Amino acid sequence: MKLATFNVNSVRARLPNLMEWLDTAQPDVVLLQEIKVETGGFPQMGDWHCAVHGQKTYNGVAILSKTPVEIISTSLVPDDPQARYLEARIGGVTVIDVYVPNGNPVENEKFPYKLRWLEALYERAKVLLHEETPFLIGGDFNIIPQAVDCHNPTAWEGDALYRPETRAKWHQLCHLGLADAFRALHPNEAHAYTFWDYQAGAWQRDNGIRIDHFLLSPQIADRLVSCTIDKAPRGKDKASDHTPLILEIEP
DNA sequence: ATGGTTGTTCCACAA
């Protein structure tokens, strides 16, 4: 079973690139973030089953699946006005699609909102682990876990993606027993990025960061086959600033 | 240190 997570930075602006990539990569399940469209405005996706939690202009998450997908929840933080969470069941697996708040600038309310959001995700993961539900969390976490996950750590000091409080939340999730699928299989690999800014030639200079992740519950981690970054979409015309992360698990 | 780019929307805001 091949799953992918892809922050498309507007599903409508990215539709030709997305369709081409789906045709090439042939995933079974795709977690999309930043669809930037209301739920009802999500494009027709042919024979894909779609679960969508969208809003106007900003944010928005969706799951595409070759097999039926049942929405379990679209709410993580109570009364969250921002569409960032989608929990669904596909076959026997609970698939959670997240678009974690960016958190910048750290001086205003955006940073505590990010930390509250991550705390709620931690609490949800604890419940699912206690229930022994096989699950995975994929998406744009807006977290650079370690120095090796960015080109120039000094440049990220103080940024909400790399602040100690942010990375502490990530490590709390991992210490619950969730596996960072990419890092588990590529322990020391550097320059393994999933995002390159549009600005200042970041892509050409490989000035990237690894912020898109799959976290696996123990039952899913036992089925882990591979986890790879598909850099090709980032090099296309009209590319998103993110590129897909692909996860293969035993059926 | 600054500026660099993209998407949505209506021009600033988010990333």
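The structure contained in this document is the topic of the report that follows. All chains use their own residue numbering, which begins from 1 and follows the written sequence. To label them, take the chains in the order written and letter them from A, then take the ligands in the order written and number them from 1. This being a predicted model, a pLDDT of at least 70 is required before a residue's local features are given, and a value of 80 or more before pairs of side-chain atoms are given or counted; all residues contribute to the totals for chains, interfaces and linings. Hydrogen atoms and water are omitted, and side-chain values are computed over all heavy atoms in the structure.

### Comments concerning the pairing of strand E12 (residues 212-216)
Move 1: Most of E12 is tucked away: 5 of the 5 residues are buried.
Move 2: When a residue's accessible area, from a 1.4 Å probe over protein chains only, is under 20% of the maximum for its type it is buried; when over 50% it is exposed; and in between it is partly exposed. For helices the rule is a DSSP run of H or I covering at least 4 residues; for strands it is a run of E covering at least 2, with both sets numbered from the N terminus onward. Here E12 shows no split at all, with Asp 212, Phe 214 and Leu 216 on one side and His 213 and Leu 215 on the other all buried.
Move 3: Alignment of strand E9 (residues 179-180) against E12, held across 2 bridges, turns out to be antiparallel. By the bridge assignment, Asp 180 is partnered in E12 with Leu 215. Strands were regarded as paired on the criterion that DSSP finds at least two bridges between them.

### Notes on the protein's contact with DNA strand B
Move 1: Near DNA strand B you find 15 residues, and of these Ser 10, Arg 14, Thr 57, Tyr 198 and Gln 199 are the closest.
Move 2: Here a polar contact means two N or O atoms within 3.5 Å. Within protein one must be a hydrogen donor candidate and the other an acceptor candidate, and residues neighboring in sequence count only if both atoms are side-chain atoms. Between DNA strand B and the protein, one listed contact pairs a phosphate oxygen with a side-chain N or O atom of Thr 57 at 3.2 Å.
Move 3: Within the contact set of DNA strand B, a base nitrogen lies 3.2 Å away from a side-chain nitrogen or oxygen of Gln 199.
Move 4: Note on residue categories: nonpolar means Ala, Val, Leu, Ile, Met, Phe, Trp, Tyr, Cys or Pro, charged means Asp, Glu, Lys or Arg, and polar means any other residue, Gly included. Residues of the surface near DNA strand B, tallied by class, amount to 5 nonpolar, 5 polar and 5 charged. Near, as used in this document, describes a residue that has one of its heavy atoms within 4 Å of the molecule or strand being considered.

### Considerations on the pattern of salt bridges
Move 1: Put simply, a salt bridge is a Lys or Arg side-chain nitrogen that is within 4 Å of an Asp or Glu carboxyl oxygen. Overall, the coordinates contain 8 salt bridges when judged by the stated rule.
Move 2: Note that Arg 124 is salt-bridged to Glu 87, the shortest N-O span being 2.7 Å. Here Arg 124 is found in helix H2 (residues 110-131), whereas its partner Glu 87 is found in strand E6 (residues 85-90), with 37 residues between them in sequence.
Move 3: For Glu 87, a relative accessible area of 1% puts it in the buried group.
Move 4: Among the charged side chains, a salt-bridge network with shared partners connects Asp 149, Asp 180, Arg 183 and Arg 210.

### Here we look at the sheet that holds E6
Move 1: Within the open sheet, the 6 strands sit side by side as E5-E6-E7-E8-E12-E9. Their pairing is mixed. Lying at the two open borders of the sheet, with one neighbouring strand each, are strand E5 (70-73) and E9.
Move 2: Here a residue-residue contact requires only that any non-hydrogen atoms of the pair lie within 4.5 Å. Here, axes are lines fitted to C-alpha atoms. For helices the fit covers the stretch in contact, and angles between N-to-C directions go from 0 to 180 degrees. Packed on one face of the sheet, H2 meets E6, strand E7 (93-99) and strand E8 (135-140) and runs near 20° to E6.

### Side note on the layout of surface pockets
Move 1: Cavities and pockets were defined on a 1 Å grid built from protein atoms only: a cavity is a group of points that admits a 1.4 Å probe but offers it no way out, a pocket is an open group of points flanked by protein on both sides within 12 Å along at least five of seven lines, and a lining residue is one with an atom within 4 Å of any such point. Grid points are joined across faces, edges and corners, and a volume is the space filled by probe spheres set on the points. Considered as a void within the structure, the largest pocket measures approximately 510 Å³ in volume.
Move 2: Of the residues belonging to the lining of the largest pocket, the class tally is 9 nonpolar, 8 polar and 8 charged.
Move 3: Of the voids in this model, the second largest pocket is the one considered here, and its volume is about 150 Å³.
Move 4: If you tally residues by element for the lining of the second largest pocket, the top one is helix H1 (residues 15-25), at 6 residues.
Move 5: Considering only residue class, the lining of the second largest pocket consists of 6 nonpolar, 4 polar and 5 charged.

### Brief notes about the sheet that holds strand E3 (residues 49-53)
Move 1: Strand order in the open sheet formed by 6 strands is E3-E4-E2-E1-E14-E13, with mixed pairing between adjacent strands. The open sheet has two edge strands with one neighbour each: E3 and strand E13 (224-229). The average undirected angle you get between the axes of adjacent strands in this sheet is 15°.
Move 2: Bridge count between E13 and strand E14 (residues 245-249): 5 bridges; the pairing is antiparallel. Along E14, the bridge assignment pairs Ile 229 with Leu 245.
Move 3: Docked against the sheet, H1 engages strand E1 (2-7), strand E2 (29-33), strand E4 (61-65) and E14, running at close to 160° with respect to E1.

### Some points on the nonpolar core
Move 1: Core analysis: the biggest nonpolar cluster contains 27 residues, and Ile 63, Leu 136, Phe 214, Leu 216 and Leu 247 have the highest contact counts within it.
Move 2: Among the elements of the structure, E2, E4, E6, E7, helix H5 (181-185), E12, E13 and E14 are those that each provide at least two residues to this core.
Move 3: Here Phe 214 is in contact with Leu 3, Ala 4, Thr 5, Leu 31, Leu 136, Ile 137, Gly 138, Ala 179, Asp 180, Ala 181, Leu 245 and Leu 247, once residues within four sequence places are set aside.
Move 4: Residues grouped as a nonpolar core are buried Ala, Val, Leu, Ile, Met, Phe, Trp, Tyr and Cys residues, joined through side-chain atoms within 4.5 Å. Counting residues in hydrophobic clusters, the runner-up holds 24 residues, among them Leu 76, Val 100, Tyr 122 and Leu 215.

### Brief notes about the environment of Cys 50
Move 1: Tracing the backbone shows Cys 50 in strand E3.
Move 2: Cys 50 gets classed as partly exposed once you look at its relative accessible area, which sits at 34%.
Move 3: Counting along the chain gives 15 residues from Cys 50 to Ile 35, while the straight-line C-alpha distance between them is 13 Å.
Move 4: Residues within four places of Cys 50 in sequence aside, it is in contact with Phe 42, Met 45, Ile 63, Leu 64 and Val 69.

### Some details on H1
Move 1: Every buried residue belonging to H1 is among Asn 17, Leu 18, Trp 21, Leu 22 and Ala 25, and all of these are buried. Buried positions in H1, seen along its axis, are confined to an arc of 135° and lie on one side of it. Those residues of H1 that are exposed and angled more than 90 degrees off the buried face are Pro 16, Asp 23 and Thr 24.
Move 2: Summarising the contacts, the buried residues of H1 are in contact with E1, E2, E4 and E14.
Move 3: Trailing H1 by a residue or two, Gln 26 shows a phi angle of about 55°, which is positive. The arc in question is traced by the directions running from the helix axis to the C-beta atoms.

The analysis is restricted to geometry; functional conclusions fall outside its scope.
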